[in-house]
Amino acid sequence: MSITNQVYPVIWNQDRVLLIDQNRLPNEYTFVEITCSEDMGQAIKTMIVRGAPAIGVAAAYGMYLGATEIQTENRDEFLTKLEQIAQMLRQTRPTAVNLFWAIARMMRTAYESIGTVAEIKAILLKTAQTINSEDLQTCQAIGDNGLKVLPSNPDKLTILTHCNAGALATAGYGTALGVVRSAWREGRLMRVFADETRPRLQGAKLTAWECVQEGIPVTVITDSMAAHCMKQGLIHAVVVGADRIAANGDVANKIGTYSLALVAKAHNVPFFVAAPLSTIDFELSSGEEIPIEERDPAEIYKVGDTILTPAGVDFYNPAFDVTPAELISAIITEHGAVAPAELKHFREKQLV
Ligand code: MRU
């Protein structure tokens with residue numbers, strides 16, 4: 001199928017990377033130029049680029065930029081310095097496994113290349129570009145596989161999603177929003193409901209923006225309205241993305257996903273997770289082992305320059321939660337949609 005969406009959050013441009021500045025959307029659609037690995041690390045940390053697969057693509061280019069910064073012809077010295085850059089990039093965000101997956105793929109490429117340092121650098125750029133283009137195709141396959149498991153009744157569905165698992169969070173097209181896009185293309189979608197997604201509002205700002213770009217009808221609700229909407233029969237399916245999936249099918253995704261899954265279960269609304277195989281961490285037996293990022297409490301108590309809470313208050317700001325496998329109807333991947341317990345059959349298909 002052709003690409004209908006033209007939003008590419010990470011673009012390689014001659015000798016630099018252009019990132020859509022996601023902190024400025026929806027009010028400003030601007031790009032940040034990244035010319036060195038250190039700045040790529042900062043862009044990931046500060047969420048100029050965010051979303052598990054997009055972070056992986058950005059980190060891959062960050063690795064290449066880092067490789068070009070290394071001034072030696074000696075292979076061993078080059079690999080040692082490249083490992084230091086990998087370590088810096090690994091420390092940016094802990095939960096999305098695509099970051100670690102992409103860095104591991106870049107390191108393996110470097111170790112397996114037998115050429116000169118200049119040749120290794122050239123192969124690293126090609127590998128980063130491949131990770132980028134593969135993710136785009138993967139998302140389109142996820143979108144189309146999602147069509148096979150969405151409820152067949154009614155003809156036109158209302159899909160609720162959380163956070164932003166769209167083109168902005170991937171190389172383009174999206175995972176959860178990839179399913180939405182494919183449903184829209186096939187005339188199977190009535191409307192998207194987007195949870196605003198406190199505290200950073202990726203749903204209100206980014207998912208809503210993407211839908212508007214494409215003319216997909218979208219209704220933004222606060223996170224606490226989901227149960228009420230389901231009780232009213234307004235939601236036919238929930239589709240969300242993932243930051244890391246454990247071998248048993250437990251899914252880490254944006255904070256609030258777990259409560260959404262519980263609410264969906266209570267109302268008999270199917271709950272789908274859409275994610276590429278690169279999001280599955282077969283090394284972890286259950287979601288309890290997934291590291292959960294904690295972010296600056298200012299994300300909770302500050303809106304712009306306005307402080308919302310009285311002095312003397314404590315805060316807890318986990319950026320992700322873990323939805324147990326038993327609450328998930330199916331995990332939609334580029335190789336098809338399966339029950340969480342069947343995920344293990346994909347292990348040999350995963351490119352590490
Ligand atoms: O903190 P973020 O904005 O990087 O979190 C993003 C999410 O939780 C997405 O749902 C997830 O990365 C899937 S993106 C296809």
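Model, not experiment: these values are computed from the prediction.

Visitor: Help me out: how do you make sense of the nonpolar core in this one?
Guide: One finds Ala58, Met63 and Val238 to be the most contacted residues of the largest nonpolar core, which totals 109 residues. Residues from two domains meet in this core; each of domain 1 (10-140) and domain 2 (145-348) gives at least three. Sequence-distant contacts of Met63, defined by excluding residues within four places in its chain, comprise Ile85, Ala86, Leu89, Ile103, Met106, Leu124 and Ala128.

Visitor: Quick question: what am I supposed to make of the packing of helix 2 (residues 52-69) against helix 3 (residues 75-90) here?
Guide: Angle between the axes and distance between the axes are the two parameters that describe a pair of packed helices. The contact between helix 2 and helix 3 brings their axes to 9 Å, and the two run at 145 degrees. Between helix 2 and helix 3 lies a crossing of right-handed hand. On helix 3, the residues touching Ala59, Gly62, Met63, Gly66 and Ala67 of helix 2 are Leu82, Ile85, Ala86 and Leu89. Here the contact of helix 2 with helix 3 is composed, by residue class, of seven nonpolar, two polar and no charged.

Visitor: Help me out: how do you make sense of the UniProt feature "binding site: substrate" (unreviewed entry) in the protein chain in this one?
Guide: The sites that UniProt annotates as "binding site: substrate" (unreviewed entry) are Arg50, Gly51, Ala52, Arg93, Gln202, Asn253 and Lys254. Take Arg93: it is sitting in the loop between helix 3 and helix 4 (97-112). Other than its neighbours up to four places away in sequence, Arg93 contacts Ile44, Lys45, Ile55, Leu99 and Glu293. Along the polypeptide, Lys254 turns up in strand 9 (residues 251-254). If we ignore the near neighbours within four places in the chain, the residues touching Lys254 are His162, Cys163, Thr197, Gln202 and Phe320.

Visitor: What should I look at first to understand the environment of Phe271 in this one?
Guide: Along the chain, Phe271 turns up in strand 10 (residues 271-274). Take Phe271: there are 22 C-beta atoms within 10 Å of it, and that puts it in the buried class. Sequence separation between Phe271 and Ile290 is 19 residues; the distance between their C-alpha atoms is 21 Å. When near neighbours in sequence (up to four residues on either side) are disregarded, Phe271 contacts Val238, Ala261, Ala264, Leu327, Ile328 and Ser329.

Visitor: Help me out: how do you make sense of the site of the ligand in this one?
Guide: Around the ligand sit 17 residues in total, of which Arg50, Ala52, Ala169, Gly241 and Lys254 are the nearest. The set of elements that each furnish at least two residues to the shell around the ligand consists of helix 2 and strand 9. Classifying every residue of the shell around the ligand by side-chain character gives eight nonpolar, six polar and three charged. Domain assignment of the residues forming the shell around the ligand places at least three in each of domain 1 (10-140) and domain 2 (145-348).

Cut-offs used in this document
Residues numbered from 1 in each chain as written. Predicted model: local features only at pLDDT ≥ 70, side-chain atom pairs only at ≥ 80, totals over all residues. Core = buried A, V, L, I, M, F, W, Y, C linked by C-beta atoms within 7 Å. Buried ≥ 20, exposed ≤ 12 C-beta atoms within 10 Å, placed from the backbone. Domains from an automatic or database assignment. Contact = placed C-beta atoms within 7 Å. Axes fitted to C-alpha atoms, helices over the stretch in contact; angles between N-to-C directions. Helix = DSSP H or I, 4+ residues; strand = E, 2+ residues; numbered from the N terminus. Left-handed = near helix turned anticlockwise from the far one by under 90°. Nonpolar A, V, L, I, M, F, W, Y, C, P; charged D, E, K, R; others polar. UniProt positions renumbered as here; feature names shortened; annotations may be inferred. Near = placed C-beta within 6 Å.

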